[in-house]
Amino acid sequence: MTAMTLHAGASTMCTQDWNVIHWHDIEKHVRRLQLRIAKAFREKKYGKAKALQWLLTHSHHAKLLAVKRVVSNPGAKTPGVDKVIWTTPTQKVQAALTLRRRGYQPLPLRRIYIPKKQKGKRRPLSIPAMKCRGMQALYLLALEPIAEMMADKNAYGFRPLRSTADALCQCFSALAKQGSANYILEGDIKSCFDSISHPWLLQNTPMDKEILKKWLAAGYIDNDEYFSTTAGTPQGGIISPTLLTVTLSGLEKAVYSAISNQKKNKVYLSIYADDFIITGASREVLEGKVIPAVEQFLRERGLFLSKEKTKITHIDEGFDFLGFTLRKYRGKLIITPSKESVKSFLADIRGTIKSNKTAKQEHLILQLNPKIRGWTNYFRHVCAKKTFSYVSHQVFLALWRWAKRRHPNKSADWIKNKYFQSTGTRSWVFATRVKQENGDVIFLKLFEAGLVPIKRHTKIKPEATPYHPEHFDYLVKRAGNKRWFSTVA
């Protein structure tokens, strides 16, 4: 069976083979609609933007793309309360045909708990049913272009082509100079996702109000008991991060409006999801003007600052933000991985090694490499070379203990020759040779943190967005993400 040409609002009688759908054409159609939505909103043609959103959410192209996102997510095999998942191509195609506004009634969410960084504390996670995820992904396609237009320039969480590295660069710009601000307000919103005001969301979120109202009131099931929801948006919902972006849009303006002279008072923001820092020339500026403005802004949305985590710090004392430590030493700002980040990472690595006491060496390497590569890539934009060397040494010690435990009666030389190889000018490389199914032998070695080079990150332009054509050339040159922009060419 071949893929059929699909049109907006395609009949449910359309059938096609999921495996041969031309995704580039699907994405091209959806991206163009998203650009039109963003343009209409920028030009304050809100009625036109709403009409285009309606067209997008009723487009069969968008429904297919929404299902694709749901089944591609890491949690695609985790069911909701109905215990349904989409695995076969036929199920995926049929799922797209069921994403209809008329008659849609969301199921309650399945509540589970995951451990938080603080010992003994758990974070609630609410898992929607597959169809609800599909509907959220569909309406997210229509909401995200407008959320991008609304977002603060220095907000970096849950936004396309932005990252924690950009948030850190904003911190560096605000704090690194000799005459930069000396005081920092470390802001943390208490139970942010769980506390957002439903009336505020319904009044201020530019999307289908009827659908949003149903999601917010869906409730959840915990230990076979139903609980209603009167506030918040569930952690675990595909659209929840963008709803948070909409909720916090305007924080920057609210803070600057409370300050008579922003540059003189050295007030700058860096926002990532529900964490943010605000710099200030003095403690009095932050306590007397900034904090009241932030509290007033949040109160309107049903939110409050966490008293335990919100504090004012001098830059010479240093502070942690997004897993990094920022501190000035003799007037020079140094950003390093935080001690807590290093500690939790090494605990994870040691736990993985200990849980694989009898595993083959290649299996252990295949488990460790993604963890080490991901962690070092996250921190490779800051002063982390010394930390990487320390981590590499600690991993080596853990692996040496793992190898010695397996062979308690063997000599150190025997263990070294079995598990550690020499490659180039380096020795003691944890590696092995693996024979593949086709008979080829490959050299599989551990990814070493100490060899990762430090590469400085260039902050994205605050106004740059993939939903404005004038920024395409800049973003393509910056990210090399030509495939995204080829869908709107």
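In this text the structure is predicted, and so the values were computed from the model without any measurement.

Points about the overall build of the protein chain
Scanning the protein chain from terminus to terminus reveals 19 helices and 14 strands. By the compact-globule yardstick of 23 Å for 489 residues, the protein chain fits well, its C-alpha radius of gyration being 25 Å. With the principal axes as the frame, the protein chain shows a C-alpha extent of 75 × 70 × 50 Å. Across the 489 residues that make up the protein chain, the buried fraction comes to 49%. Considering only contacts in the protein chain between residues 6 or more positions apart, those separated by 24 or more positions represent 68%. Carbon and sulfur atoms make up 52% of the accessible area of the protein chain, which totals about 25,200 Å². Separation of charge centres in the protein chain, based on 82 positive and 38 negative side chains, amounts to 4 Å.

Side note on the sheet that holds strand β11 (residues 332-337)
Taken together, three strands build an open sheet; the order of strands is β9-β10-β11 and the sheet is antiparallel. With partners counted over all chains shown, the strands left at the sheet margins are β9 (319-321) and β11, one partner each. Across the sheet, the axes of successive neighbouring strands diverge by a mean angle of 30 degrees, strand direction being ignored. When β9 meets strand β10 (residues 324-329), the two strands line up antiparallel, connected through three bridges. Within β10, the position partnered with F321 by the bridge is F324.

Observations concerning the sheet that holds strand β12 (residues 420-423)
By definition, the strands of a sheet pair up through backbone hydrogen bonds, in either a parallel or an antiparallel sense. If you walk across this open sheet you meet the three strands as β12-β13-β14, and the pairing is antiparallel. Here the strands that pair on one side only, and so sit at the sheet edges, are β12 and β14 (441-445). Going from strand to strand, the sheet's axes swing by 55 degrees on average, the running direction of each strand aside. Inspection of the sheet shows β12 paired to strand β13 (residues 426-435) by three bridges, in the antiparallel sense. Counted as the bridge partner of Q421 is V429 from β13. The strands that helix α16 (residues 385-406) touches are β12 and β13; relative to β13, the one it contacts most, it runs at about 55 degrees. Taken strand by strand, helix α17 (residues 412-419) contacts β12 and β13, and its axis lies near 60 degrees from that of β12.

Description of the environment of A174
Position of A174 relative to the elements: it lies in helix α6 (residues 164-175). With relative accessibility at 10%, the residue A174 sits in the buried group. Separated by 75 residues in sequence, A174 and L99 have C-alpha atoms that sit 46 Å apart. Other than its neighbours up to four places away in sequence, A174 contacts S180, A181, Y268 and T279.

Side note on a positive patch on the surface
A surface patch of positive charge is lined by K354, K357, R401 and R405. Mapped onto the elements, K357 comes out in the loop between α14 (339-354) and α15 (361-379). Taking the relative accessible area as the measure of exposure, K357 reaches 37% and is therefore partly exposed.

Describing unusual backbone geometry
Here K83, not a glycine, exhibits a phi torsion of approximately 60 degrees, which is positive. Relative to the assigned elements, K83 resides in the loop between α3 (60-72) and α4 (89-98). Positive phi, normally seen in glycine, also occurs at L322, with a value near 60 degrees. Take L322: it is sitting in the loop between β9 and β10.

Some words on the packing of helix α1 (residues 23-42) against helix α2 (residues 46-57)
At a minimum axis separation of 8 Å, α1 and α2 run at an interaxial angle of 160 degrees. Judged by the inter-axis angle, α1 sits roughly antiparallel to α2. The handedness of the crossing between α1 and α2 is left-handed. Here α1 contributes V30, L33, Q34, R36, I37, A40 and F41 to the contact with α2, which in turn contributes Y46, K48, A49, L52, Q53, L55 and L56. Tallied by class, the residues present in the contact of α1 with α2 amount to 10 nonpolar, two polar and two charged.

Some remarks on the packing of aromatic side chains
Considering all chains together, one arrives at 19 aromatic pairs under this definition. On the numbers, 5.0 Å between centres and 70 degrees between planes, the contact of W18 with W23 is edge-to-face. Neither W18 nor W23 differs from the other in exposure class; each is buried. Its guanidinium or amino end placed over the ring of Y220, R111 lies 3.7 Å from that ring's centre, counting from NZ or CZ.

Concerning the confidence of the model for the protein chain
The predicted coordinates should not be examined in detail at positions where pLDDT is low. Averaged over every residue, the pLDDT of the protein chain is 91; the share at 70 or more is 94%. Contacts from residues 1-14, a stretch scored under 50 in pLDDT, to residues over four places away or in other chains number 33 contacts.

Some points on the nonpolar core
In terms of nonpolar packing, the biggest core is built from 74 residues, with W215, I278, V290 and V294 touching the most fellow members. Sort the elements by how many residues they give to this core and helix α5 (residues 130-150) lands first, with 11 residues. Grouped together as the second largest cluster of nonpolar side chains are 49 residues, L346, L364, W375 and A398 included.

Analysis parameters
- Residues numbered from 1 in each chain as written.
- Predicted model: local features only at pLDDT ≥ 70, side-chain atom pairs only at ≥ 80, totals over all residues.
- Heavy atoms only, no water.
- Helix = DSSP H or I, 4+ residues; strand = E, 2+ residues; numbered from the N terminus.
- Rg over C-alpha atoms; globule rule 2.2 N^0.38 Å.
- Buried < 20%, exposed > 50% of the residue type's maximum accessible area, 1.4 Å probe, protein only.
- Contact = heavy atoms within 4.5 Å.
- Areas by Shrake-Rupley, 256 points an atom, 1.4 Å probe, with all protein chains shown as cover.
- Lys, Arg positive; Asp, Glu negative; His and termini not counted.
- Charge placed at Lys NZ, Arg CZ, Asp CG, Glu CD.
- Pairing = 2+ DSSP bridges.
- Axes fitted to C-alpha atoms, helices over the stretch in contact; angles between N-to-C directions.
- Patch = residues over 30% accessible without salt bridge, like charges linked within 9 Å, V, L, I, M, F, W, Y side chains within 5 Å.
- Salt bridge = Lys/Arg side-chain N within 4 Å of Asp/Glu carboxyl O.
- Parallel < 35°, antiparallel > 145°, perpendicular 65-115°, else oblique.
- Left-handed = near helix turned anticlockwise from the far one by under 90°.
- Nonpolar A, V, L, I, M, F, W, Y, C, P; charged D, E, K, R; others polar.
- Phe/Tyr/Trp six-rings, centres within 6.5 Å; stacked < 30°, edge-to-face > 60°.
- Lys NZ or Arg CZ within 6 Å of the ring centre and 35° of its normal.
- pLDDT = per-residue confidence, 0-100.
- Core = buried A, V, L, I, M, F, W, Y, C linked by side-chain atoms within 4.5 Å.

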